[in-house]
Amino acid sequence: MRIEMTGIFVNDPIEAHRFYTTILGFDEVMYVPEANLAIVASPEEPAGTTLLLEPKGTEFARVYHKELYESGMPCIIFSVDDIASEYERLKKLGVRFSVDPKKEDFGIQAIFDDTCGNYIALVELNEENKR
């Protein structure tokens, strides 16, 4: 069994699609703006797990999304091989970080705002924590 797709709630799937493809560099897998449907994948693993940029269509989703964001907790983790260069690249593109790169037991972590109502953790894992 493997994870095929996961999703995160976003304020606006159309705006999220723009951010995830043009700023983060994800590949478009499916994009149907009239249906508020946007699915992206990592360019490093285009046939890997996809990410559904899901509209907050229920009260539960709206409350969950709001509470998670207001707590400052990331909703998902993206890993990179070189966090310093990715951090600089994203900063130059105007991405706002709530936590600058910081050493942790598992490696280095930074947290940024995806402009769609989410905090995202960006990590560079120590060798012993890589799969």
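In what follows, the structure referred to is the one given above.
Residues numbered from 1 in each chain as written. Predicted model: local features only at pLDDT ≥ 70, side-chain atom pairs only at ≥ 80, totals over all residues. Heavy atoms only, no water.

Some words on the packing of aromatic side chains
Item 1. Taken as a whole and judged by the stated rule, the model has nine aromatic pairs.
Item 2. Each ring, one from F60 and one from Y64, has its centre 6.0 Å from the other, and the planes form 15°; the classification is stacked. A residue pair is termed a helical-turn pair when its members lie 3 or 4 positions apart in one helix, as F60 and Y64 do in helix α2 (residues 59-71) at four residues.
Item 3. Taken together, a centroid distance of 4.4 Å and an interplanar angle of 5° make the contact between Y69 and Y119 stacked. Of this pair, Y69 sits in helix α2 while Y119 sits in strand β8 (residues 119-125), and the two are 50 residues apart along the sequence.
Item 4. Overall, the relative accessible area of 25% leaves Y69 in the partly exposed class.
Item 5. Note on Y119: relative accessible area 11%, which makes it buried. (Phe/Tyr/Trp six-rings, centres within 6.5 Å; stacked < 30°, edge-to-face > 60°. Helix = DSSP H or I, 4+ residues; strand = E, 2+ residues; numbered from the N terminus. Buried < 20%, exposed > 50% of the residue type's maximum accessible area, 1.4 Å probe, protein only.)

A few points about the nonpolar core
Item 1. Counting residues in each nonpolar core, the largest one holds 25 residues, and the members touching the most others are Y20, L24, L53, F78 and F112.
Item 2. Looking at this core, the elements that each hand over two or more residues are β1 (5-10), α1 (13-23), β3 (37-41), β4 (50-55), β5 (74-79), α3 (83-92), β7 (107-113) and β8.
Item 3. Considering every element that reaches this core, the biggest residue donor is α1, with four residues.
Item 4. In this view, L53 contacts I8, V10, P13, A16, H17, Y20, N36, A38 and V40; residues no more than four positions away in its chain are not counted. (Core = buried A, V, L, I, M, F, W, Y, C linked by side-chain atoms within 4.5 Å. Contact = heavy atoms within 4.5 Å.)

Looking at unusual backbone geometry
Item 1. At N36, a residue that is not glycine, the phi angle is positive and equals roughly 55°.
Item 2. Of note, N36 is situated in the loop between β2 (27-32) and β3.
Item 3. For T115, which is not glycine, the phi torsion reads 65° and is therefore positive.
Item 4. Here T115 is to be found in the loop between β7 and β8.

Regarding the environment of H65
Item 1. Residue placement: H65 occurs in helix α2.
Item 2. Residue class for H65 comes out buried when judged on its relative accessible area of 5%.
Item 3. In the structure, H65 is positioned ten residues away from C75 in sequence and 8.8 Å away in space, judged by C-alpha atoms.
Item 4. Among the polar contacts made by the side chain of H65, one reaches the side chain of N118 at a distance of 3.2 Å. (Polar contact = N/O pair within 3.5 Å; in protein donor to acceptor, adjacent residues only side chain to side chain.)

Observations concerning α2
For an α-helix, the turn length of 3.6 residues means that residues three or four places apart are oriented alike.
Item 1. Taking 1.5 Å of rise per residue, the 13 residues of α2 would be expected to cover 18 Å, and the 18 Å separating its terminal C-alpha atoms lies within 8% of that figure.
Item 2. All buried positions along α2 are accounted for by A61, H65 and L68. Seen from one end, α2 has its buried residues packed into an arc of 70°, which puts them on one side.
Item 3. If you follow the buried residues of α2, they end up packed against β1 and β5.
Item 4. Downstream of α2 by a residue or two, G72 has a phi angle that is positive, lying close to 80°. (Expected span 1.5 Å × (residues − 1). Arc of directions from axis to C-beta.)

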